[in-house]
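These are the residues of each chain, in order.
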Amino acid sequence: MSHEHANNRRTFIAGLATLGADALLQGCRSASPQPAASAAAPHRIDVHHHVGPPTYVAALADKGVQQRPVIEWTPAKSLEDMDKGGVATAVASITTPGFSFVDATARRLARECNEYSTRLGRDYPGRFGLFAAAPMPNVDGTLAEIAYALDTLKADGVGFFTSYGDKWLGDPAFTPVMEELNRRKAVAYTHPTAPSCCRSLVPDIPPAVVEYGTDTTRTIASVVFSGTAARFPDIRWIFSHAGGTMPFLTERFTRLPLQNKSLESRVPNGVAYELRKFNYDVAQAAHPMALSSLLKLVPLSQVVFGTDFPFRASADHVKGLTDYGFSASDLRAIDRDNALKLLPRLRA
């Protein structure tokens, strides 16, 4: 095993340990009975829910990638968690590492994952949607998969990672993909990853702790300041984890075009206008620190329910949102109604 391969394995294992500890801590804080809403008829729409298609799990095992919650995933585990949290429909997606570890077969593996998740939706009617996996950074392959997923499989949107190597989603290399998403008025769901530049920077701190939120911020900056958001206004973006660190950095975002006049033409409507158009899920962010920052920036209409299952539980997020003090109508908007504006197919 190469030194780099061993480091990658240790990074994944450390990340899982951290996530497990975080879940345990959350469980200790959430020892009180679950809110009655979780026991009501399922109505929530989870836009941040990961699955482990068999061919994807086999590829992870073949390459020694220790993504254990995904490897051990089953439809029954998803359904059990959904029922505990009152989730009617979970929109399936692929989590990190995506297809970065199988460059030569990424297109085939993405197709197999999308077809599996489509069958999952047929096997459990009404319970699963699909954000189709894309074999990025292969632009031609991604365009082909967008067409197949949206036209043939009737996917609800397309899933992307925040970065690919040293490129974020506003990079000019991805312009053909953005043009096609815009033409279709498609939903573009994004999930964080750790970019090539920034792995294992601080000893004992796996990427999920700092880099995931930071890379979400990087890709939002890339989409906004490249002019992608303004040039392709019909893409309906969903960013994970309440926008990562972006809400905290809003002042720096909004001041940047004032300091660098060359950027003004790329944000003709202003930075805040673009940030307020995006949608943000509450996965691992259903707590006052993240929610209060996000909601100072965006209207409630842009916030959607997400859980990060199987890394976290839906019931934790239900409790977090309830404890925050939202009104019943605001909870209904976050839990379901806001998502239905993006994903009307799930209304039935």
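What should I look at first to understand the overall build of the protein chain in this one?
Helix and strand counts for the protein chain stand at 15 helices and 10 strands. Carbon and sulfur atoms make up 55% of the accessible area of the protein chain, which amounts to about 14,900 Å² in all.

Please explain the confidence of the model for the protein chain as it appears in this structure.
Fine structural detail should not be taken from predicted coordinates in areas where pLDDT scores are low. Here the protein chain averages 89 in pLDDT, and 89% of its residues register 70 or above. Predicted confidence is poor over residues 1-39, with pLDDT under 50, and the contacts of this stretch with residues over four places away or in other chains come to 47 contacts.

Where do I start with the environment of Tyr273 in this structure?
Position of Tyr273 relative to the elements: it lies in helix H12 (residues 271-277). Along the backbone, Tyr273 and Thr254 are 19 residues apart, and their C-alpha atoms lie at a distance of 9.9 Å.

Can you walk me through helix H5 (residues 75-84) in this structure?
An α-helix turns once every 3.6 residues. As a result, residues three or four positions apart point the same way. Taken residue by residue, H5 has Pro75, Ser78, Leu79, Asp81 and Met82 as its buried positions. Take H5 and look down its axis: the buried residues cluster within an arc of 165°, on one side only. Those residues of H5 that are exposed and aimed more than 90 degrees away from the buried face are Ala76 and Lys84. On its buried face, H5 is in contact with strand S1 (44-50), strand S2 (87-93), helix H6 (106-123), strand S3 (128-133) and helix H14 (314-324). Phi for Gly86, located one or two positions after H5, is positive at around 65°.

In this structure, what is going on with the pattern of salt bridges? I would like to understand it.
Note on pairing: side chains with opposite charge can pair once their charged atoms come close. Evaluated as defined, the whole model comprises 18 salt bridges. Asp335 is the salt-bridge partner of Arg44, the closest N and O atoms lying 3.2 Å from each other. With Arg44 in strand S1 and Asp335 in helix H15 (residues 328-342), this residue pair connects regions lying 291 residues apart in the sequence. One salt-bridge network, held together by shared partners, links Asp151, Glu180, Arg183 and Arg184.

Even after reading the chapter, I still don't get the environment of Asp156, so can you show me in this structure?
Topologically, Asp156 is positioned in the loop between helix H7 (139-152) and strand S4 (157-161). Among the residues examined, Asp156 registers a relative accessible area of 11% and is labelled buried. In this structure, Asp156 is in contact with Gly129, Leu130, Phe131, Val187, Leu343, Arg345 and Leu346, ignoring residues within four places of it in sequence.

Sorry if this is basic, but what is going on with the nonpolar core here?
Side chains of nonpolar character tend, in soluble globular proteins, to be buried together. Formed by 64 residues in total, the largest nonpolar core has its most connected members in Phe160, Leu181, Leu275 and Phe278. Ranked by size, the runner-up nonpolar core spans 15 residues in total, among them Ile94, Phe101, Leu109 and Ala133.

Help me understand a nonpolar patch on the surface in this model?
Taken together, Leu201, Val202, Ile205, Val209 and Val210 make up a surface patch of nonpolar side chains, about 430 Å² in accessible area. Looking at Val209, the relative accessible area reads 44%, which means it is partly exposed.

Please explain the sheet that holds S2 as it appears in this structure.
Through backbone hydrogen bonds, the strands of a sheet pair up, either in parallel or in antiparallel fashion. If you walk across this open sheet you meet the eight strands as S1-S2-S3-S4-S7-S8-S9-S10, and the pairing is parallel. The open sheet has two edge strands with one neighbour each: S1 and strand S10 (303-304). In terms of strand pairing, strand S9 (residues 279-281) meets S10 through two bridges, oriented parallel. Bridge pairing links Tyr280 to Val303 in S10. Where H7 meets the sheet, it contacts S3 and S4, and its direction lies at approximately 145° from that of S4.

Help me out: how do you make sense of the packing of helix H9 (residues 207-225) against helix H11 (residues 250-259) in this one?
Interhelical geometry of H9 versus H11 gives an angle of 35° and a closest axis separation of 12 Å. The chirality of how H9 crosses H11 is right-handed. Of the residues in H11, those in contact with Thr217, Ile220, Ala221 and Phe225 of H9 are Phe253, Leu256 and Pro257. For the contact of H9 with H11, the class distribution of residues is six nonpolar, one polar and no charged.

Any chance you could explain H11 here in plain terms?
Taken together, the buried positions of H11 are Thr250, Phe253 and Pro257. In a view along the axis of H11, the buried residues occupy a sector of 70°, so they form one face of it. Residues of H11 that are exposed and point more than 90 degrees away from the buried face comprise Glu251, Arg252, Leu258 and Gln259. At its buried positions, H11 is contacted by H9, H12 and helix H13 (288-297).

Conventions adopted
- The written sequence of each chain sets the order in which its residues are numbered from 1.
- Reporting in this predicted model follows two pLDDT cut-offs: at least 70 for local features of residues, and 80 or more for side-chain atom pairs to be given and counted; totals over whole chains, interfaces and linings ignore these cut-offs and use all residues.
- Neither water nor hydrogens contribute to the side-chain values; these are computed over all heavy atoms in the structure.
- Each helix is a run of H or I in the DSSP string that is no shorter than four residues. Each strand is a run of E no shorter than two, and both are numbered from the N terminus.
- Under the convention used here, a 1.4 Å probe and the Shrake-Rupley method define accessible areas, while residue burial counts only the protein chains that appear.
- One confidence number per residue, pLDDT, is output by the predictor and ranges from 0 to 100.
- The contact criterion used is simple: two residues touch if any of their non-hydrogen atoms lie within 4.5 Å.
- Burial status follows relative accessibility: with a 1.4 Å probe on protein chains alone, a residue under 20% of its type maximum counts as buried, one over 50% as exposed, and anything between as partly exposed.
- Arc, as used here, means the arc of the directions from the helix axis to the C-beta atoms.
- By convention in these notes, a salt bridge is any Lys or Arg side-chain nitrogen within 4 Å of a carboxyl oxygen on Asp or Glu.
- Buried Ala, Val, Leu, Ile, Met, Phe, Trp, Tyr and Cys residues that are joined via side-chain atoms within 4.5 Å together make up what is termed a nonpolar core.
- Within the patch definition used here, like charges are joined within 9 Å and nonpolar side chains (Val, Leu, Ile, Met, Phe, Trp, Tyr) within 5 Å, considering only residues with over 30% relative accessible area and no salt bridge.
- Two strands make a pair as long as DSSP finds a minimum of two bridges between them.
- Throughout, an axis means a line fitted to C-alpha atoms (over the contacting stretch in the case of helices), and angles, computed between N-to-C directions, take values from 0 to 180 degrees.
- Put simply, a crossing is left-handed when the front helix is turned counterclockwise from the back one by less than a right angle, and right-handed when it is turned clockwise.
- Residues are grouped as follows: Ala, Val, Leu, Ile, Met, Phe, Trp, Tyr, Cys and Pro are nonpolar; Asp, Glu, Lys and Arg are charged; all remaining types, including Gly, are polar.

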